[in-house]
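Each chain, written out:
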There are 2 protein chains.
Amino acid sequence: MVSKYVIGVDYGTDSCRAIVVDALTGRRIASAVRHYPRWREGLYCDPSRDMYRQHPLDYIESLEGAVSELVGRVSPEIVSGVCAISFDTTASTPVVIDAEGTPLALLPELADDPDAMFVLWKDHTAIEEAARINTLARSGSVDYTKYVGGSYSAEWVWAKMLHVLGGNPSVRAKAHSWLEHSDWMGALLTGCKDPVKIARSRCTAGHKAMWNAEWGGYPPAEFLSRLDPLLGEMRRRLPDETFTADRPVGSLTAEWAGRLGLPEGITVAAGSVDAHMGAIGAGISPGVLTRIMGTSTCDILVCPHEDIAGRLIRGICGQVDGSVLPGYTGLEAGQSAFGDVYAWFKNLLLWPTKEFGIETGEAEDKIIPRLSELASRIAPGSSPVSALDWFNGRRTPDADLGLKGALGGLTLATTPAMIFRALVEATAFGSRAIVERFLSEGVRISSIAAIGGIAQKSPFVMQTLADVLNMPVKVIDSDQACALGVAMCAATAAGIYGSLPEAQMAMAPPVGREYLPDAATAGIYSELYARYERMGGFFENTETK
Amino acid sequence: MVSKYVIGVDYGTDSCRAIVVDALTGRRIASAVRHYPRWREGLYCDPSRDMYRQHPLDYIESLEGAVSELVGRVSPEIVSGVCAISFDTTASTPVVIDAEGTPLALLPELADDPDAMFVLWKDHTAIEEAARINTLARSGSVDYTKYVGGSYSAEWVWAKMLHVLGGNPSVRAKAHSWLEHSDWMGALLTGCKDPVKIARSRCTAGHKAMWNAEWGGYPPAEFLSRLDPLLGEMRRRLPDETFTADRPVGSLTAEWAGRLGLPEGITVAAGSVDAHMGAIGAGISPGVLTRIMGTSTCDILVCPHEDIAGRLIRGICGQVDGSVLPGYTGLEAGQSAFGDVYAWFKNLLLWPTKEFGIETGEAEDKIIPRLSELASRIAPGSSPVSALDWFNGRRTPDADLGLKGALGGLTLATTPAMIFRALVEATAFGSRAIVERFLSEGVRISSIAAIGGIAQKSPFVMQTLADVLNMPVKVIDSDQACALGVAMCAATAAGIYGSLPEAQMAMAPPVGREYLPDAATAGIYSELYARYERMGGFFENTETK
C-alpha cells in the first residue's frame, strides 16, 4: 500500500498551525506554527471598543510560512504523497468581498481599512445591529433564529455585515458579497473567484448565518432587505448549497502549489469551524458529548435525524444538519465560563501581591495545582460551600448572559480550597445542566470525550466532572485535535475513506486518561446538584440581573 | 469643692485594666494594665476542646499589680480622694465556691484543677449540658429561657456548673454554690464570705442565669434538680435579690486597702458585665442603640418599662430589668460576626503568601485600609455583588447559628474591592435587621452610639452603617469606655450622683466623629436591603444548614 498524506491547517485566534498526517494511520509526521504578524502588533484593533479585525495578508503569510516550514522538515517522498489539504478557522469571522471574490482589504485603496478586513469572532462592534436583527426576527411569522438558540449574536456574520456596510461608505461602495474565513481559504487555493460558486461551509452557514433547509437556505432577501437593502442584494448572490467538511471544493492551483511547495492538483476540502473540527478529531460519534474545555467550553453532539425527528432542541446554541458529521444533526452548546472561573479566583487571591508589588516568584503557577490538591482531599459533600458558575452569564441551557456567579455556605472557617472545590463542582454542575437538557429533549448521551487545556491539565476537575455527570470521561491525547479533525476531513474528501466516520476510526488519536465515575460520589453529587438547581433558581428568578 | 476620685477596673479576656477618674468631670487621671500571668502561659486551657479556664489568682495578682501601679503614678492627694471602686468582667465566667465563698481553686488540694477555676465566657465544654437544659426548659409549663432569647447557651453559668459538677467528683465534693467573676470581686474586697449574702449582679443573673422577677428570681430548685440534684441545692443557697451596677455592696476591708494602697472603707460597688458597662460609659440612654463593634457586635438598648409593657421582645438575646440602667429594661442583641468577616476575607487574600512562604512586609496591615479606599470609590448600588453576613451564624434577630454567609452577583470582572464593599454592606444590613426588629417590636431607636475597634478604625464601615440605617452614628472618643462606665457606677454608688444618668451626664467622654446618613444613599440601600432580605430568606428557608 502506497503511503498517503494529508495536511490539516488550524487557524486559531493568534496563529496558524499546519500539520502533516499519515492519512492511513493518523500518525502526525510534523507540525509548524506561524503567528499573524499584523495581529501580533495589535494593528486594526481597539480593545476598548471590543473591535478586533484581522488582515487577509496575515492569513496568507502565516499559511505560506507554516506550510513551507512543514514541507522543509519532511522527506520529498512525503511531500509528493500529500493528496489533500483543508482548514479550520475561527467563526464567525467574515469579510466583505468584491465581485471577484477578493476580500476588500486586499484592494490597495482599502488595505488599511479595518472594515475591509476579517471581523474576528470576538469583535463586539455589532451589538446594536444584532439587536435590530433579533427585533425583526421576532416580528415575523418565521423566527429565523430558532435553530441558532433563538437569539442572533453580535459575534455573527449578518450583524457584522450590517455594521461595516452601514458605517463605512468606502467599503459599502465596493461590497458585493461576503465570505467566512473558512470559505475564503478554499476559494483562494482552488482559484474560485465567482462569489456565487465559492463553496460555503455548512457549519458556519448553519450556526452563524441562519442557513437552514426549512427556509431553503439563508433567510430570504426580503427579510434581510428590511435591515439593509444591500444585505438583501448580498443574499441573492449567495449559493443555496452549502458544503459539509468531508467534501472537496476543488484542487490546488499551480500558483498555490508553487507558493506552498505542495503537489499541484491535490484535493482542497471544504473548511469548517475550529471547535467542530476538534470534535471530529476527538472521535465524535452519536452519544458522545465532545467538549472543548478551556476558558469556556464548546460542547458538540451529533444526533441521528430520526432521534430528533424535525424537532427543535430547546435552549441550546445551534442545531444544524451536517455541521459536524454528514448525515447527522450537529448540536452545539457550551458554558460561557469554565477555566475562566478558576482563573478569576486565582487572580483574586493574587490581588495583594499585585497591589503591593510583592514578588511571587513561581508561586503564581503553583496556586491552582495546590488548590486542586487541597480540594481533592475534601470529601465530597463534606464542605458546606456551594457555588453557581455563571461568572460570565449562561450560554446553555437557556442563554441568559445577565446571570451571575455566587457562593453560598461561607463561614469564618471557609478556606480557599473549599471555595475552589465549590467552583469546580459548580462548573461541573453547569455541564450537567447541559447534559440533562439534551437527555430531557431525547438526545442520547452516554459518555464524554474532552480536549482542550483543562482536559489535559486538570485531573481533579475531570474526575469531578465524571462523578457529577456519572459518566465516563475520556480525555483525547492530542493537543492538536482540531488540525487532526481537518486532516480526517481532507482524507475523506480525497477519497481515501468512504465516509468521515471511517477516517475517524482509522486516524483516531489515542485516548489518554479515562475518568470513571465513582457510584457513591455520584450519589452525593446528585443531592448537591439539586441544591445547585435551587440556588440557581433563586438567583435566576428572584434577583434582578 | 473637694475633688473626688473613683477607680474603675475592667477585667477583659486577657488582662485587667484599672483607671482612676475624676468623679466630678469624668477626666481620666491615669490607667494601668496587667496581663493574667497563668493565662498568658496557656495554663488550664485546651483550645482543641474549646476549654478555657482562668485561675482566681490571675484576677487577684493582676488587680494588685494594676491598682498598685496606678496608685504609684498619681499624687497622694488623689489617692486619698478615691471614694469608690468597682468592676466589670467578662460573663458568664462563673466558679464553684465552697461554704466560705472561696473559689475552689484557692484551696490547696484543688489549686491545679481546671474545674475548680473560673470557666471563661468562651469555654464551650458544656454544649451537651446546654442541650439538656434547653430540652427540659421546653418541656414544662414555663420556659425559663424566654428572657434570654429562647435558648440557653453553653457559654452560660448553669450549663457550666452542670458540666464541672457532673464530671469532677473532687470538685463536686467541695461544691457549695457558685459565683460570677463580677460578683466575686465585690465579695473579696468587702470581706463577704457567706454565699447567700454575696451581692449578685442583676446583669449577669438576668442575662446568663435565667434570673427574672416573673418567677421570683432564679429558676426554681425543682426545675434545676431535674438536671442535677446538686444544682437544686445550689439554687436554694442563692439570694433572691440581685444588684444593679449603681449600688454599693460594702466597703473596702482594711486588708484589701493595704494590699491595693487605697483608703480603707471606700465604697465597693456591684460589678457587672463588660459590654453593659461599655454601654454606660458610652452614654447609653433610651433611643440610643449602643454598640460595641469589634470582631462581633454587642448591641445594647435601654427601654422604659412602659414601652414594652411586660411584653417579650421577639428574637433578641436578652431582656432584663435594670441590667444596664436601673429603672429601664436592658435589651441585648448582637451580630455574631462583624470585623471577623473582613478579617476572613483579608486572610483569604493572604493565602498564597502564607502557603508559599512569600514575604509580605507591611502589606498585610495595608490590605483592609486599601480595600476600604477602593470600595469607597464604588458608587452605592453600582456593583452587582451582594452578600450575606452570617459567616458565624446569626445571633440576632432570631438566633440561628447554622446559617452561613454568601456572595452573589459575581462575574469575571468582580474585584476584591467589590467583594469587600458587599461584605461591609452585608454587615450593615445585619445591623439593620436588628434595628428593624426592635422598631417593629415597639422599641424606639433614633441614633447609634458606637465604641470598639471597628468604630474607631473604620470610617468607611461607619459611614456605610449610617447610610444603611439612615440614622446618625456617633463614635465615642474613648478606648476605655468599659472602665469609664464602671467609674460612673462607682461614683453613683458612692453617692456623688443621685442616679446613674446624672453620673453619665457629668462624666461623659467626648463624642468623636459623627457619621450622618446621606439621604440619597440611604434610599439606594433600602432597595439593596430588600435584596439582602430576599437572599437571606432563600438561604434560611430553602437550604439545609
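The preceding data block contains the structure.
Residues numbered from 1 in each chain as written. Chains lettered and ligands numbered in written order. Predicted model: local features only at pLDDT ≥ 70, side-chain atom pairs only at ≥ 80, totals over all residues. Heavy atoms only, no water.

### Observations regarding the overall build of chain A
Our working definition: Going along the chain from the N terminus, every DSSP run of H or I of four or more residues is numbered as a helix, and every run of E of two or more is numbered as a strand. Our radius of gyration is a C-alpha quantity, and the globule rule it is checked against amounts to 2.2 Å times the number of residues to the power 0.38. The protein chains shown are the only cover counted for residues, whose accessible areas, like all others here, come from Shrake-Rupley with a 1.4 Å probe.
Across its full length, chain A carries 22 helices and 20 strands. At 23 Å, chain A has a C-alpha radius of gyration in line with the 24 Å of a compact globule built from 545 residues. Seen through its C-alpha atoms, chain A measures out along the principal axes to roughly 70 × 60 × 55 Å. In the form shown here, chain A has an accessible surface area of approximately 19,200 Å², with 50% of it arising from carbon and sulfur atoms.

### A few points about the side chain of aspartate 113 of chain B
Residue and element names in this part refer to chain B. Operational definition: Burial classes follow relative accessibility: with a 1.4 Å probe on protein chains only, a residue under 20% of its type's maximum area counts as buried, one over 50% as exposed, and anything between as partly exposed. Think of it this way: Lys and Arg go in the positive column, Asp and Glu in the negative one, and His and the chain ends go nowhere. For salt bridges, the criterion is a side-chain nitrogen of Lys or Arg within 4 Å of an Asp or Glu carboxyl oxygen. By the criterion applied in these results, polar contacts are pairs of N or O atoms within 3.5 Å in which, for protein atoms, one can donate a hydrogen and the other can accept it, and in which residues neighboring in sequence qualify only through two side-chain atoms. Between two residues, a contact is recorded if the distance between any of their heavy atoms is within 4.5 Å.
Looking at the element boundaries, aspartate 113 is found in the loop between β6 (94–97) and β7 (118–119). Among buried Asp, Glu, Lys and Arg side chains, aspartate 113 stands out as unpaired, with arginine 53 the closest opposite charge at 6.2 Å. Engagement of the side chain of aspartate 113 in a polar contact is seen with the backbone nitrogen of aspartate 115, the distance being 2.9 Å. Within the structure, the side chain of aspartate 113 is placed 2.9 Å from the side chain of asparagine 168, a separation counted as a polar contact. If we ignore the near neighbours within four places in the chain, the residues touching aspartate 113 are Asn168 and Val171.

### Details of the sheet that holds strand β18 (residues 447–451) of chain A
Residue and element names in this part refer to chain A. Put simply, the rule is: When DSSP finds at least two bridges between two strands, those strands are taken to pair. Axis definition: a line fitted to C-alpha atoms, over the contacting stretch in the case of helices. Angles run 0 to 180 degrees between N-to-C directions.
Judged by pairing direction, the sheet is mixed, and its seven strands sit side by side in the order β14-β15-β13-β12-β18-β19-β20 without closing on themselves. Two strands close off the open sheet at either side, each with one partner strand: β14 (318–321) and β20 (511–515). Direction aside, the axes of adjacent strands within the sheet are offset by 25° on average. One ladder, built from five bridges, connects strand β12 (residues 288–293) with β18; its direction is parallel. When the sheet's bridge partners are listed, threonine 290 is paired in β18 with alanine 449. The strands touched by helix α19 (residues 459–469) are β12, β18, β19 (473–476) and β20; relative to β20, the strand with the most contacts, the crossing angle is about 55°.

### A few points about the interface of chain A and chain B
Heads up, the rule is: In short, buried area is how much 1.4 Å probe accessible area vanishes from two parts on joining, totalled over both.
Tallying the contact residues gives 45 residues for chain A and 45 residues for chain B. Sorting the residues of chain A by area buried against chain B places Trp351, Leu410 and Leu412 of chain A first, and these three jointly supply 18% of that buried surface. Connecting chain A to chain B are two salt bridges. Where chain A meets chain B, there are 13 residue pairs in polar contact (both at pLDDT 80 or more). Mapped onto the side of chain A that touches chain B, the elements with two or more residues apiece are α14 (339–349), α15 (351–355), α16 (363–376), β17 (405–410), α17 (416–440) and α22 (519–541) of chain A. The sheet contact formed by β17 of chain A and strand β17 (residues 405–410) of chain B spans three bridges and is antiparallel. Bridge pairing links leucine 410 of chain A to glycine 405 of chain B in β17 of chain B.

### Looking at the packing of aromatic side chains
Quick note on the threshold: Only centres within 6.5 Å qualify two rings of Phe, Tyr or Trp (six-membered ring in Trp) as a pair; their planes then separate them into stacked at under 30 degrees, edge-to-face at over 60, and tilted for everything else. Counted as over-ring charges are cases with an Arg CZ or a Lys NZ within 6 Å of the ring centre that also lie within 35 degrees of the ring normal.
With the rule as written, the count across this model stands at 53 aromatic pairs over all chains. The interplanar angle of 75° and the centroid separation of 6.1 Å between the aromatic rings of phenylalanine 429 of chain A and tyrosine 525 of chain A together place this pair among those described as edge-to-face. Taken as a pair, phenylalanine 429 of chain A in helix α17 and tyrosine 525 of chain A in helix α22 lie far apart in primary sequence, 96 residues in all. Taken as a pair, phenylalanine 429 of chain A and tyrosine 525 of chain A share a single burial class, namely buried. Taken together, a centroid distance of 5.7 Å and an interplanar angle of 45° make the contact between tyrosine 147 of chain B and tryptophan 215 of chain B tilted. Separated by 68 residues along the polypeptide, tyrosine 147 of chain B in the loop between α4 (127–139) and α5 (157–167) and tryptophan 215 of chain B in the loop between α8 (202–208) and α9 (221–225) bring together distant segments of the chain. Each member of the pair, tyrosine 147 of chain B as well as tryptophan 215 of chain B, carries the same accessibility label: buried. For arginine 200 of chain A, the ring lying beneath its charged end belongs to tryptophan 178 of chain A, and the centroid distance is 5.3 Å.

### Some points on the relation of the copies chain A and chain B
So the rule is basically this: The least-squares superposition of copies is restricted to C-alpha atoms, and to residues with a pLDDT of at least 70 in both copies.
Mapping chain A onto chain B is achieved by rotating through 180° and translating by 0.0 Å along the same axis, at an RMSD of 0.1 Å. Both copies of the chain, as the preceding transformation shows, are related through a two-fold rotation axis. When you check the interface residues of chain A against chain B, 100% turn up at the interface there too, and the contact is symmetric in its surfaces.

### Thoughts on the side chain of threonine 329 of chain A
Residues and elements named next belong to chain A. One can find threonine 329 in strand β15 (residues 328–333). Classification of threonine 329 as buried rests on a relative accessible area of 7%. A polar side-chain atom of threonine 329 sits 2.9 Å from a polar atom in the side chain of histidine 305. Excluding anything up to four places from it in sequence, threonine 329 contacts Leu301, Val302, Cys303, His305, Ile308, Gln319, Val320, Asp321 and Gly322.

### Considering the sheet that holds β17 of chain B
The antiparallel open sheet is built from four strands, whose spatial order is β16(A)-β17(A)-β17(B)-β16(B). If you trace the sheet from one side to the other, it starts and ends with β16 (386–388) of chain A together with β16 (386–388) of chain B, each paired once. For this sheet, the mean inter-axis angle between neighbouring strands, taken without regard to orientation, is 5°. Of the pairings in the sheet, the one linking β16 of chain B to β17 of chain B comprises three bridges and is antiparallel in character.

### A look at the nonpolar core
Our working definition: Within this scheme, the nonpolar core is defined by two criteria: the residues are buried Ala, Val, Leu, Ile, Met, Phe, Trp, Tyr or Cys, and they are joined through side-chain atoms within 4.5 Å.
Counting 142 residues, the largest nonpolar core has Phe345, Phe438 and Met462 of chain A together with Phe345, Phe438 and Met462 of chain B as the members making the most contacts within it. Apart from the residues within four sequence positions on either side, phenylalanine 345 of chain B is in contact with Leu348 of chain A together with Leu371, Pro416, Ile419, Phe420 and Leu423 of chain B.

### Structural notes on the pairing of strand β6 (residues 94–97) of chain A
Residue and element names in this part refer to chain A. Alternating positions in β6 separate into two faces, Pro94 and Val96 on one and Val95 and Ile97 on the other, with burial throughout. By the bridge criterion, four bridges tie β6 to strand β8 (residues 177–180) in an arrangement that is antiparallel. Directly across from isoleucine 97, in β8, lies its bridge partner serine 177.

### Observations concerning helix α4 (residues 127–139) of chain A
All names here are of chain A. Rules: To estimate how far a helix should reach, multiply one less than its number of residues by 1.5 Å. Working note: the arc is built from the helix axis to C-beta atom directions.
Taking 1.5 Å as the rise per residue, α4 with 13 residues should run 18 Å; its terminal C-alpha atoms sit 19 Å apart, in good agreement. Turning to α4, its buried residues number three or more, namely Glu129, Ala130, Ile133, Asn134, Leu136 and Ala137. Considered in projection along α4, the buried side chains sweep an arc of 165° and stay on one side of the axis. Across from the buried face of α4, at angles greater than 90 degrees, the exposed residues are Ile127, Glu128, Thr135, Arg138 and Ser139. If you follow the buried residues of α4, they end up packed against α5 (157–167) and α9 (221–225).

### Regarding the pattern of salt bridges
Under the definition given, this model contains 56 salt bridges over all chains. Residue glutamate 540 of chain B is joined to arginine 394 of chain B by a salt bridge in which the shortest nitrogen-to-oxygen separation is 2.8 Å. Separated by 146 residues along the polypeptide, glutamate 540 of chain B in helix α22 (residues 519–541) and arginine 394 of chain B in the loop between β16 and β17 bring together distant segments of the chain. Given the relative accessible area of 9%, arginine 394 of chain B is considered buried. Each of Glu355 of chain A together with Arg370, Glu373 and Arg377 of chain B takes part in a single network of salt bridges with overlapping partners.

### Here we look at unusual backbone geometry
All names here are of chain A. Note that the residue after alanine 91, namely serine 92, is joined by a cis bond; omega there is -5°. Relative to the elements of secondary structure, serine 92 occurs in the loop between β5 (82–89) and β6. Residues other than glycine seldom take positive phi values, yet aspartate 398 does so here, at roughly 60°. Tracing the backbone through its elements, the reader meets aspartate 398 in the loop between β16 and β17. Phi is positive for asparagine 470, which is not a glycine, with a value near 50°. The topology assignment puts asparagine 470 in the loop between α19 and β19. Accessibility expressed as a relative area gives 48% for asparagine 470, which makes it partly exposed.

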